[in-house]
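Here is what each chain is made of, one letter per residue.
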Amino acid sequence: CLLLARAMGKLQSKISFHTTKYRADGSVGQTGPAGASQQHSPAHTDAVTSVAALKPDLCVSGGRDKSVAVSSWRSGAALRRFLGHEREVTKVTSALDSNRVFSASRDKTVMMWELHRTSGPSQHFPGHDLVVTGLAVSPDASQLCTGSRDNTVCKWDTETGECLGRAAISRNLVTHLCWVPGEPYVIQTSEDKTTRVWDSRELQVAHTFPAKQHIQTCCDVSQDGRYCLSCSSGSAGHGAEATLWDLRQTRGRVCEYKGHFQTTTSCVFLPRGPTLPPSIATSSSDSTVKVWDQDTAGRR
């Protein structure tokens, strides 16, 4: 146990202060004594397409195997598996600390699952004409916003399954959605290279940030609701940046994070520690994850 604790401490120190990127080839790992890690059966039988936090010790994932899984990140074990979609699951989300899990699919539908329910989905949200590519749930889990490659964003009542609104914008092929904590606003990225702020109350666009040079692939919102991130497609070192936007009165670009050589596929605000400055993380098709200082864009 003492050896394991020392090894984990060294690994944590390495990640926190020296490592700026983590490759898919496993260049970081295997630092503990042989046999120290626990092995579990995979949560999915095919590629994992999406993952989201559910509770402090649980996460939810969706896969090409059409399933949704709830796993413990502490043990690595898959605790629940939900089946119901007819095609690949594209996005999963939940209201943090809620027992409700939501999944979107290439079958053009969204489903809601109850963590302790033994049967099928507790709610079904059909209505999109193409694959559902965006999914955001309100903090109280009472409303859901969905987006699709059919150029529409929809709002739903999670209790009744009723569609409360539908808005269409030409060429707005939705890539991601996220709800601003404590606010009625939803952030949306698109293949039309823009990032939009929707007012969920009337399902109208409240603001559109200046268009970028490349497709915007993903977005995230800071826990204090002051900033949002978007990230870009790219290749050969062109594009592939992440952008920090101010959600307050100025609603302007604050900072860019450049360094990936291929499409930046996701971006996220990292939880802030008591002695650490605000940080963000980005992942890319160039097989790296980079951690950045949010304020200076310097890599950590």
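Here is what the cut-offs are and how they apply
- Residues numbered from 1 in each chain as written.
- Predicted model: local features only at pLDDT ≥ 70, side-chain atom pairs only at ≥ 80, totals over all residues.
- Heavy atoms only, no water.
- UniProt positions renumbered as here; feature names shortened; annotations may be inferred.
- Helix = DSSP H or I, 4+ residues; strand = E, 2+ residues; numbered from the N terminus.
- Pairing = 2+ DSSP bridges.
- Buried < 20%, exposed > 50% of the residue type's maximum accessible area, 1.4 Å probe, protein only.
- Phe/Tyr/Trp six-rings, centres within 6.5 Å; stacked < 30°, edge-to-face > 60°.
- Salt bridge = Lys/Arg side-chain N within 4 Å of Asp/Glu carboxyl O.
- Axes fitted to C-alpha atoms, helices over the stretch in contact; angles between N-to-C directions.

A. Expanded view of the UniProt feature "repeat: WD" (unreviewed entry) in the chain. Under the present numbering, the feature "repeat: WD" (unreviewed entry) in UniProt falls on residues 82-115, 125-166, 174-208 and 257-300. Secondary structure over residues 82-115 splits into 0% helix and 56% strand, and the C-alpha atoms at its two ends are 9 Å apart. Secondary structure within residues 174-208 divides into 0% helix and 63% strand; the distance between the first and last C-alpha atoms comes to 14 Å.

B. Broad picture of the pairing of strand E5 (residues 78-83). Summarising the sheet, strand E4 (residues 67-72) and E5 pair through five bridges and their orientation is antiparallel. In the sheet register, Ser-67 faces E5, and the bridge partner there is Leu-83. Hairpin geometry of E4 and E5 is characterised by an intervening segment of five residues between the two adjacent antiparallel strands and by a positive phi of about 85° at Gly-76.

C. Structural view of unusual backbone geometry. Residue Arg-171 is not a glycine yet carries a positive backbone phi of 70°. With respect to the element layout, Arg-171 can be found in the loop between strand E13 (163-168) and strand E14 (174-179). Its relative accessible area of 66% is what places Arg-171 among the exposed residues.

D. Fine view of the pairing of strand E3 (residues 58-63). Most of E3 sits inside the fold, with five of its six residues counted as buried. The loop that links strand E2 (residues 48-55) with its antiparallel partner E3 comprises two residues.

E. Local environment of the packing of aromatic side chains. Per the counting criterion, the structure on display carries four aromatic pairs. Ring geometry for Phe-209 and Trp-245: centres 4.6 Å apart, planes at 25°, overall stacked. On the criterion of sequence distance, the pair formed by Phe-209 in the loop between strand E17 (204-208) and strand E18 (216-221) and Trp-245 in strand E22 (residues 242-246) is long-range, its members being 36 residues apart. Phe-209 gets classed as buried once you look at its relative accessible area, which sits at 1%.

F. Quick look at the environment of Leu-135. The residue Leu-135 is located in strand E10 (residues 132-137) in this model. Placed 31 residues apart in sequence, Leu-135 and Ala-104 show a C-alpha to C-alpha distance of 7.0 Å.

G. Seen up close, the pattern of salt bridges. Counted under the stated rule, the structure contains 13 salt bridges. The partner of Arg-100 in a salt bridge is Glu-114, with the nearest N and O atoms 3.3 Å apart. Taken together, the residues span a long stretch of sequence, with Arg-100 in strand E7 (residues 100-105) and Glu-114 in strand E8 (residues 110-114) at a distance of 14 residues. Between Lys-212 and Glu-256 there is a salt bridge whose closest N-O contact spans 2.3 Å. One end of the pair, Lys-212, is in the loop between E17 and E18; the other, Glu-256, is in strand E23 (residues 253-257), with 44 residues separating them in the sequence. Taking relative accessible area as the criterion, Lys-212 reaches 11% and is therefore assigned buried. Taken together, the shared-partner salt bridges connect Lys-212, Glu-241, Arg-253, Glu-256 and Lys-258 into one network.

H. Focus on the sheet that holds E14. Taking strand neighbours across the sheet as the criterion, the four strands line up as E14-E15-E16-E17 in an open arrangement whose pairing is antiparallel. The open sheet has two edge strands, E14 and E17, and neither has a second partner. In this sheet, adjacent strand axes meet at a mean angle of 30° when their direction is disregarded. Relative to strand E15 (residues 185-190), E14 runs antiparallel, the two sharing five bridges. Along E15, the bridge assignment pairs Trp-179 with Val-186.

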